[in-house]
Amino acid sequence: MVADYASAEVVQAVARGAHTGLSASRKTLPPWLPYDERGVILSDEIARLPAHHANRTETDLLQHNAIEVLRMAAGYRPLTIVELGAGSAAKSGLLLGSLVRSQGSVLYQPVDISRAALDFAEFDIASKIPGVVSRPRVANLIKDSYQIKRWHGGRTLAIWANSAIGTFSRPEAQDILLNLHSQLESGDSLLLCVDLVQDQETLMSTYDDRSGCHQALSRNALERLNKVLGANFKVEQFAHKVVWNRHEALIEMHLRSVTTQGVTIPPVAGYPRLDLAFRTDETIQTKSSYKFTFATLASLLIWSGFTMKETWHDCACSFALALATA
(Lines give C-alpha, C1' and ligand atoms only; values in the text may rest on other atoms or scores of the structure.)
Protein backbone atom coordinates (compact mmCIF):
# COMPACT_ATOMS: atom_id res chain seq x y z
CA MET A 1 0.00 0.00 0.00
CA VAL A 2 1.27 3.48 -0.89
CA ALA A 3 2.13 5.58 2.17
CA ASP A 4 -0.43 8.25 3.06
CA TYR A 5 2.16 11.06 3.24
CA ALA A 6 3.41 10.62 -0.34
CA SER A 7 1.86 13.07 -2.80
CA ALA A 8 0.84 11.89 -6.25
CA GLU A 9 3.86 13.73 -7.72
CA VAL A 10 6.26 11.98 -5.33
CA VAL A 11 4.73 8.57 -6.01
CA GLN A 12 4.99 9.18 -9.76
CA ALA A 13 8.63 10.30 -9.54
CA VAL A 14 9.67 7.41 -7.28
CA ALA A 15 7.85 4.87 -9.46
CA ARG A 16 9.46 6.26 -12.61
CA GLY A 17 12.93 6.13 -11.07
CA ALA A 18 12.45 2.60 -9.73
CA HIS A 19 11.09 1.13 -12.94
CA THR A 20 13.65 2.86 -15.16
CA GLY A 21 16.67 2.02 -13.02
CA LEU A 22 15.80 -1.42 -11.72
CA SER A 23 14.68 -2.74 -15.11
CA ALA A 24 18.09 -2.03 -16.63
CA SER A 25 20.77 -4.69 -16.99
CA ARG A 26 22.92 -2.68 -14.56
CA LYS A 27 20.51 -1.74 -11.82
CA THR A 28 20.49 1.84 -10.54
CA LEU A 29 18.33 4.13 -8.43
CA PRO A 30 18.04 7.94 -8.66
CA PRO A 31 20.60 9.71 -6.42
CA TRP A 32 17.85 11.87 -4.88
CA LEU A 33 15.79 8.88 -3.72
CA PRO A 34 17.30 8.45 -0.20
CA TYR A 35 16.70 12.09 0.70
CA ASP A 36 13.36 12.11 2.44
CA GLU A 37 13.17 13.60 5.94
CA ARG A 38 15.20 10.73 7.44
CA GLY A 39 17.68 10.88 4.59
CA VAL A 40 18.38 14.57 5.20
CA ILE A 41 19.10 13.78 8.87
CA LEU A 42 21.47 10.95 7.89
CA SER A 43 23.19 13.23 5.38
CA ASP A 44 23.81 15.81 8.10
CA GLU A 45 25.27 13.05 10.34
CA ILE A 46 27.61 11.99 7.52
CA ALA A 47 28.78 15.58 7.11
CA ARG A 48 29.93 15.56 10.76
CA LEU A 49 31.95 12.33 10.51
CA PRO A 50 35.71 12.69 11.18
CA ALA A 51 36.58 11.15 7.79
CA HIS A 52 34.25 13.49 5.94
CA HIS A 53 36.62 16.44 6.04
CA ALA A 54 35.08 18.09 2.97
CA ASN A 55 32.22 19.41 5.09
CA ARG A 56 34.56 21.07 7.58
CA THR A 57 36.82 22.36 4.80
CA GLU A 58 33.87 23.86 2.94
CA THR A 59 32.62 25.52 6.13
CA ASP A 60 36.06 26.96 6.89
CA LEU A 61 36.48 28.32 3.35
CA LEU A 62 33.04 29.92 3.39
CA GLN A 63 33.60 31.47 6.81
CA HIS A 64 36.98 32.92 5.86
CA ASN A 65 35.96 34.15 2.40
CA ALA A 66 32.28 35.10 2.83
CA ILE A 67 32.83 38.85 2.75
CA GLU A 68 35.03 38.69 -0.36
CA VAL A 69 32.60 36.34 -2.16
CA LEU A 70 29.66 38.66 -1.44
CA ARG A 71 31.62 41.79 -2.42
CA MET A 72 32.67 40.29 -5.75
CA ALA A 73 29.17 38.97 -6.50
CA ALA A 74 27.28 42.13 -5.49
CA GLY A 75 29.44 44.78 -7.09
CA TYR A 76 27.96 47.34 -4.66
CA ARG A 77 24.39 46.42 -5.62
CA PRO A 78 21.67 44.71 -3.53
CA LEU A 79 22.24 40.96 -3.68
CA THR A 80 19.68 38.14 -3.83
CA ILE A 81 20.70 34.59 -2.89
CA VAL A 82 19.46 31.51 -4.75
CA GLU A 83 20.52 28.07 -3.49
CA LEU A 84 20.35 24.89 -5.55
CA GLY A 85 19.69 21.67 -3.66
CA ALA A 86 19.42 23.70 -0.47
CA GLY A 87 18.77 20.83 1.97
CA SER A 88 19.10 22.18 5.51
CA ALA A 89 20.74 25.41 4.19
CA ALA A 90 23.53 25.18 6.77
CA LYS A 91 26.21 26.45 4.36
CA SER A 92 24.21 29.28 2.83
CA GLY A 93 23.52 30.51 6.36
CA LEU A 94 27.19 31.49 6.59
CA LEU A 95 26.70 33.90 3.67
CA LEU A 96 23.21 35.05 4.61
CA GLY A 97 24.35 36.26 8.03
CA SER A 98 27.12 38.38 6.50
CA LEU A 99 24.80 39.75 3.83
CA VAL A 100 22.09 40.76 6.31
CA ARG A 101 24.69 42.69 8.29
CA SER A 102 25.81 44.59 5.18
CA GLN A 103 22.51 45.31 3.40
CA GLY A 104 19.85 44.93 6.14
CA SER A 105 17.66 42.27 4.53
CA VAL A 106 18.09 39.47 1.99
CA LEU A 107 15.76 37.72 -0.42
CA TYR A 108 16.69 34.02 -0.18
CA GLN A 109 15.29 31.48 -2.65
CA PRO A 110 16.22 27.87 -1.83
CA VAL A 111 15.42 25.28 -4.50
CA ASP A 112 15.14 21.61 -3.55
CA ILE A 113 13.19 18.50 -4.50
CA SER A 114 12.30 17.87 -0.83
CA ARG A 115 9.51 19.95 0.68
CA ALA A 116 10.44 18.65 4.15
CA ALA A 117 14.01 19.93 3.76
CA LEU A 118 12.79 23.34 2.56
CA ASP A 119 10.34 23.66 5.44
CA PHE A 120 13.09 22.88 7.95
CA ALA A 121 15.52 25.30 6.31
CA GLU A 122 12.97 28.11 6.24
CA PHE A 123 12.15 27.66 9.94
CA ASP A 124 15.80 27.34 10.97
CA ILE A 125 16.95 30.44 9.07
CA ALA A 126 14.00 32.54 10.28
CA SER A 127 14.88 31.69 13.88
CA LYS A 128 18.62 32.32 13.51
CA ILE A 129 18.96 35.13 10.94
CA PRO A 130 16.24 37.80 11.18
CA GLY A 131 16.18 39.88 8.03
CA VAL A 132 16.10 36.95 5.62
CA VAL A 133 12.97 36.74 3.46
CA SER A 134 12.64 33.13 2.27
CA ARG A 135 10.83 32.15 -0.91
CA PRO A 136 11.38 28.38 -1.26
CA ARG A 137 10.84 26.52 -4.54
CA VAL A 138 10.14 22.78 -4.82
CA ALA A 139 11.73 21.63 -8.08
CA ASN A 140 13.77 18.96 -9.78
CA LEU A 141 16.95 20.81 -10.73
CA ILE A 142 17.31 19.06 -14.08
CA LYS A 143 13.85 19.13 -15.58
CA ASP A 144 11.75 21.68 -13.66
CA SER A 145 11.69 25.41 -14.24
CA TYR A 146 11.78 27.71 -11.23
CA GLN A 147 11.41 31.46 -11.28
CA ILE A 148 14.11 33.63 -9.76
CA LYS A 149 13.08 36.97 -8.32
CA ARG A 150 15.52 39.78 -7.60
CA TRP A 151 15.77 43.20 -6.01
CA HIS A 152 15.23 45.99 -8.54
CA GLY A 153 18.61 46.94 -9.94
CA GLY A 154 20.28 44.20 -7.92
CA ARG A 155 22.29 41.12 -8.69
CA THR A 156 21.82 37.43 -7.94
CA LEU A 157 24.28 34.98 -6.41
CA ALA A 158 23.41 31.33 -6.95
CA ILE A 159 25.01 28.86 -4.54
CA TRP A 160 25.46 25.14 -5.09
CA ALA A 161 27.05 23.82 -1.91
CA ASN A 162 27.93 20.50 -0.25
CA SER A 163 29.79 19.21 -3.33
CA ALA A 164 26.32 18.32 -4.61
CA ILE A 165 27.26 18.94 -8.24
CA GLY A 166 29.41 15.81 -8.02
CA THR A 167 26.37 13.59 -7.46
CA PHE A 168 25.20 14.27 -11.01
CA SER A 169 26.73 13.02 -14.24
CA ARG A 170 28.60 15.59 -16.30
CA PRO A 171 25.68 15.97 -18.79
CA GLU A 172 23.18 16.29 -15.91
CA ALA A 173 25.34 18.88 -14.15
CA GLN A 174 25.60 20.86 -17.37
CA ASP A 175 21.82 20.71 -17.85
CA ILE A 176 21.31 22.03 -14.31
CA LEU A 177 23.76 24.87 -14.86
CA LEU A 178 22.22 25.72 -18.25
CA ASN A 179 18.77 25.76 -16.60
CA LEU A 180 20.12 28.14 -13.96
CA HIS A 181 21.99 30.27 -16.51
CA SER A 182 18.81 30.82 -18.54
CA GLN A 183 17.31 32.68 -15.57
CA LEU A 184 20.32 34.77 -14.64
CA GLU A 185 21.30 38.14 -16.04
CA SER A 186 24.70 39.24 -17.24
CA GLY A 187 26.84 40.00 -14.20
CA ASP A 188 25.05 37.56 -11.91
CA SER A 189 27.24 34.97 -10.19
CA LEU A 190 27.46 31.31 -9.27
CA LEU A 191 29.36 29.93 -6.28
CA LEU A 192 30.19 26.25 -6.72
CA CYS A 193 31.57 24.07 -3.92
CA VAL A 194 33.40 21.02 -5.29
CA ASP A 195 35.51 18.06 -4.22
CA LEU A 196 38.85 17.84 -5.98
CA VAL A 197 40.59 14.63 -7.10
CA GLN A 198 42.62 13.05 -4.28
CA ASP A 199 44.46 9.78 -3.73
CA GLN A 200 42.37 6.61 -3.75
CA GLU A 201 42.96 5.68 -0.09
CA THR A 202 41.66 9.02 1.15
CA LEU A 203 38.59 8.89 -1.09
CA MET A 204 37.69 5.32 -0.12
CA SER A 205 37.99 6.04 3.60
CA THR A 206 35.66 9.02 3.22
CA TYR A 207 32.82 7.01 1.66
CA ASP A 208 33.34 3.62 3.34
CA ASP A 209 33.16 4.71 6.98
CA ARG A 210 32.76 2.27 9.86
CA SER A 211 29.94 4.20 11.50
CA GLY A 212 27.37 2.73 9.12
CA CYS A 213 25.94 6.14 8.20
CA HIS A 214 26.65 5.78 4.49
CA GLN A 215 25.10 2.31 4.50
CA ALA A 216 22.04 3.62 6.34
CA LEU A 217 21.63 6.44 3.80
CA SER A 218 21.94 4.06 0.84
CA ARG A 219 19.51 1.60 2.43
CA ASN A 220 17.08 4.46 2.96
CA ALA A 221 16.48 4.41 -0.80
CA LEU A 222 15.07 0.89 -0.40
CA GLU A 223 13.12 1.94 2.70
CA ARG A 224 11.55 4.69 0.63
CA LEU A 225 10.58 2.25 -2.12
CA ASN A 226 8.89 0.13 0.54
CA LYS A 227 7.03 3.10 2.04
CA VAL A 228 6.07 4.95 -1.12
CA LEU A 229 5.53 2.11 -3.57
CA GLY A 230 4.71 -0.80 -1.25
CA ALA A 231 7.80 -2.79 -2.31
CA ASN A 232 9.07 -5.65 -0.12
CA PHE A 233 12.83 -5.05 -0.02
CA LYS A 234 14.54 -6.68 2.98
CA VAL A 235 16.96 -3.83 3.46
CA GLU A 236 19.23 -5.72 5.86
CA GLN A 237 20.07 -8.10 3.00
CA PHE A 238 21.79 -5.30 1.07
CA ALA A 239 25.26 -4.06 2.10
CA HIS A 240 27.10 -0.83 1.29
CA LYS A 241 29.85 -1.09 -1.35
CA VAL A 242 32.19 1.64 -2.61
CA VAL A 243 34.11 1.62 -5.92
CA TRP A 244 36.66 4.19 -7.17
CA ASN A 245 36.40 4.66 -10.96
CA ARG A 246 39.76 6.25 -11.73
CA HIS A 247 39.05 6.76 -15.44
CA GLU A 248 35.92 8.84 -14.74
CA ALA A 249 37.28 10.43 -11.51
CA LEU A 250 34.20 9.00 -9.88
CA ILE A 251 33.27 7.38 -6.56
CA GLU A 252 30.43 4.88 -7.06
CA MET A 253 28.22 3.76 -4.19
CA HIS A 254 26.28 0.53 -4.49
CA LEU A 255 23.98 -1.69 -2.48
CA ARG A 256 25.20 -5.29 -2.79
CA SER A 257 22.77 -8.16 -2.38
CA VAL A 258 24.26 -10.48 0.24
CA THR A 259 22.15 -13.41 -0.92
CA THR A 260 20.05 -14.65 -3.83
CA GLN A 261 16.63 -13.06 -3.38
CA GLY A 262 13.49 -11.81 -5.05
CA VAL A 263 11.72 -8.46 -4.63
CA THR A 264 8.33 -7.28 -5.83
CA ILE A 265 7.09 -3.76 -6.49
CA PRO A 266 3.29 -3.83 -6.91
CA PRO A 267 1.43 -1.90 -9.63
CA VAL A 268 1.40 1.80 -8.77
CA ALA A 269 1.08 5.20 -10.48
CA GLY A 270 0.29 3.61 -13.84
CA TYR A 271 3.31 1.31 -13.73
CA PRO A 272 2.84 -2.48 -13.81
CA ARG A 273 4.01 -4.95 -11.19
CA LEU A 274 7.79 -5.32 -11.22
CA ASP A 275 9.38 -8.63 -10.15
CA LEU A 276 13.12 -8.44 -9.49
CA ALA A 277 15.60 -11.27 -9.04
CA PHE A 278 18.95 -10.54 -7.39
CA ARG A 279 21.98 -12.80 -7.57
CA THR A 280 24.38 -12.93 -4.64
CA ASP A 281 26.77 -9.94 -4.93
CA GLU A 282 24.66 -8.25 -7.60
CA THR A 283 24.52 -4.51 -6.95
CA ILE A 284 22.27 -1.49 -7.31
CA GLN A 285 24.19 1.71 -7.94
CA THR A 286 22.62 4.32 -5.65
CA LYS A 287 24.89 7.31 -5.97
CA SER A 288 27.92 8.72 -7.74
CA SER A 289 30.33 11.42 -6.64
CA TYR A 290 32.41 12.97 -9.40
CA LYS A 291 35.65 14.67 -8.42
CA PHE A 292 37.06 17.66 -10.28
CA THR A 293 40.35 19.15 -11.33
CA PHE A 294 40.48 22.90 -11.89
CA ALA A 295 40.62 22.19 -15.63
CA THR A 296 37.50 19.98 -15.72
CA LEU A 297 35.65 22.46 -13.52
CA ALA A 298 36.53 25.40 -15.78
CA SER A 299 35.48 23.40 -18.84
CA LEU A 300 32.08 22.55 -17.34
CA LEU A 301 31.47 26.19 -16.44
CA ILE A 302 32.42 27.45 -19.90
CA TRP A 303 30.10 24.96 -21.63
CA SER A 304 27.30 26.10 -19.29
CA GLY A 305 27.69 29.80 -20.06
CA PHE A 306 29.83 30.84 -17.07
CA THR A 307 33.31 32.30 -16.74
CA MET A 308 35.54 31.43 -13.78
CA LYS A 309 36.27 34.54 -11.76
CA GLU A 310 38.01 33.37 -8.58
CA THR A 311 38.79 30.15 -6.70
CA TRP A 312 39.66 29.36 -3.11
CA HIS A 313 40.98 26.00 -1.90
CA ASP A 314 42.45 24.35 1.18
CA CYS A 315 46.17 23.65 1.65
CA ALA A 316 45.80 20.02 0.55
CA CYS A 317 43.88 21.00 -2.62
CA SER A 318 41.13 18.57 -1.65
CA PHE A 319 38.26 21.05 -1.89
CA ALA A 320 37.51 24.29 -3.69
CA LEU A 321 35.09 27.17 -3.91
CA ALA A 322 34.70 28.57 -7.42
CA LEU A 323 33.04 31.90 -8.14
CA ALA A 324 31.88 32.29 -11.76
CA THR A 325 29.95 34.97 -13.62
CA ALA A 326 27.15 34.58 -16.13
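This one's a predicted model, so the numbers in the text were calculated from it and none came from an experiment.

So, the pattern of salt bridges
At step 1: Counted by the stated rule, this structure contains 11 salt bridges.
At step 2: The salt bridge partner of E185 is R150, with a shortest N-O separation of 3.7 Å. Residue E185 is found in the loop between α6 (170–181) and β6 (189–195), and its partner R150 is found in the loop between β4 (137–138) and β5 (155–160); the two are separated by 35 residues along the sequence.
At step 3: A relative accessible area of 22% means that R150 is categorised as partly exposed.
At step 4: R150 is paired through a salt bridge with D188; the nearest N and O atoms lie 2.9 Å apart. Here D188 lies in the loop between α6 and β6 and R150 lies in the loop between β4 and β5, a separation of 38 residues in the sequence.

Quick word on helix α7 (residues 200–207)
At step 1: Three or more residues of α7 are buried, namely L203, T206 and Y207. Taken end-on, α7 shows its buried residues confined to a sector of 85°, consistent with a single buried face.
At step 2: The inward-facing, buried residues of α7 abut α3 (53–74), β6, α8 (213–229), β7 (238–245), β8 (250–257) and β11 (283–290).
At step 3: The N-cap of α7, judged by a side-chain oxygen 3.3 Å from the amide nitrogen of E201 a few residues on, is D199.

Conventions and cut-offs
- Residues numbered from 1 in each chain as written.
- Predicted model: local features only at pLDDT ≥ 70, side-chain atom pairs only at ≥ 80, totals over all residues.
- Heavy atoms only, no water.
- Salt bridge = Lys/Arg side-chain N within 4 Å of Asp/Glu carboxyl O.
- Helix = DSSP H or I, 4+ residues; strand = E, 2+ residues; numbered from the N terminus.
- Buried < 20%, exposed > 50% of the residue type's maximum accessible area, 1.4 Å probe, protein only.
- Arc of directions from axis to C-beta.
- Contact = heavy atoms within 4.5 Å.
- Polar contact = N/O pair within 3.5 Å; in protein donor to acceptor, adjacent residues only side chain to side chain.

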